[in-house]
Amino acid sequence: LKDALIWETVKQCDEKELIIFVTNDFDYNKVEKTNIHICSSVAEVKSLLLEEMPITQDIAIVNRLLANDTYLLDRIISECEFGTVQSIQVENILRSDIETDEMERKTLRIVCVINVDNTKYQFTLQYDINANELIDVAYKEYSE
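Predicted model only: the values in this text are computed from it and were never measured.

Reading guide: rules and limits
- Each chain has its residues counted from 1, running along the sequence as written.
- Only residues with pLDDT of at least 70 get local features here, since the model is predicted, and only at 80 or more are side-chain atom pairs given and counted; chain-wide, interface and lining totals rely on the full set of residues.
- Side-chain measures here rest on the full set of heavy atoms in the structure, leaving out hydrogens and waters.
- Here a salt bridge means any side-chain nitrogen of Lys or Arg lying within 4 Å of a carboxyl oxygen belonging to Asp or Glu.
- Every helix listed is a DSSP run of H or I at least four residues long, and every strand listed is a run of E at least two residues long, numbered separately from the N terminus.
- Remark: exposure states derive from per-residue accessible area (1.4 Å probe, protein chains only) relative to the maximum for the residue type, with buried under 20%, exposed over 50%, and partly exposed in between.
- It only takes one pair of heavy atoms within 4.5 Å for two residues to be counted as in contact.
- Any two of the Phe, Tyr and Trp rings considered here, Trp counted by its six-membered ring, make a pair once their centres fall within 6.5 Å; the pair's planes then place it as stacked at under 30 degrees, edge-to-face at over 60, or tilted in between.

Engineer: Even after reading the chapter, I still don't get the pattern of salt bridges, so can you show me in this structure?
Structural biologist: Side-chain pairs of opposite charge can arise whenever the charged atoms involved come near each other. As enumerated under the stated definition, the model contains four salt bridges in all. The partner of Arg75 in a salt bridge is Glu79, and the shortest N-O contact between them spans 3.1 Å. Of this pair, Arg75 and Glu79 both sit in helix H4 (residues 70-80), four residues apart, which is roughly one turn of that helix. By relative accessible area, which is 39% here, Glu79 ends up partly exposed. The salt bridge involving Lys120 is made with Glu91; its shortest N-O contact spans 3.3 Å. On the criterion of sequence distance, the pair formed by Lys120 in strand S5 (residues 119-128) and Glu91 in strand S3 (residues 88-100) is long-range, its members being 29 residues apart.

Structure (structure tokens):
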């Protein structure tokens, strides 16, 4: 009965709006859903939002960084050859901008503060938006 009440409530939402229903209950996959997206993971929700909302790639990359995306942080650390790292945490984005070269390739430049094993560093990242790849990393110890 509880599941039926939840579903009937969700179905009452405005059909013109983006409706995302997050659940691990796979019984909801069997019901009729014309305007409702059912997701079972954070990755599915992120993917759906990137498809449905006007979020530019540069904003998505900065958000991944602020969310301490493990893959992205591991790539940054490996590029800098830090070796084994116990903790890493993005503390602040100081600046981000997009540069376009003569061949119309777009590069996102991000300057941020990252705490690596209790030491703050200022990182400058170059991210190829077209290839969706980190292309360069530079860092120095951060002083406020």
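Read on for the rest.
Engineer: What exactly am I supposed to notice about helix H3 (residues 57-66) here?
Structural biologist: Three- or four-residue spacings in an α-helix give side chains the same orientation, since the helix completes a turn every 3.6 residues. For H3, every residue scored as buried is listed here: Ala60, Ile61, Val62 and Leu65. Buried residues belonging to H3 abut helix H2 (42-52), H4, S3, strand S4 (106-116) and S5.

Engineer: What is the right way to look at the packing of aromatic side chains in this model?
Structural biologist: Any aromatic ring pair is given by two values, namely how distant the centres are and how the planes are angled relative to each other. All chains considered together, the criterion is met by six aromatic pairs. Summarising the aromatic geometry, the rings of Phe82 and Phe123 are spaced 6.3 Å apart at their centres and angled 35° between planes, so their arrangement reads as tilted. Within this pair, whereas Phe82 is found in the loop between H4 and S3, its partner Phe123 is found in strand S5, the two being separated by 41 residues in sequence. By relative accessible area, Phe82 is classed as partly exposed at 23%. Phe123 gets classed as buried once you look at its relative accessible area, which sits at 0%. Here the aromatic residues Phe82, Tyr121, Phe123 and Tyr139 are joined through ring pairs into a cluster of three or more.

Scope: geometric values only; no functional claims are made or implied.
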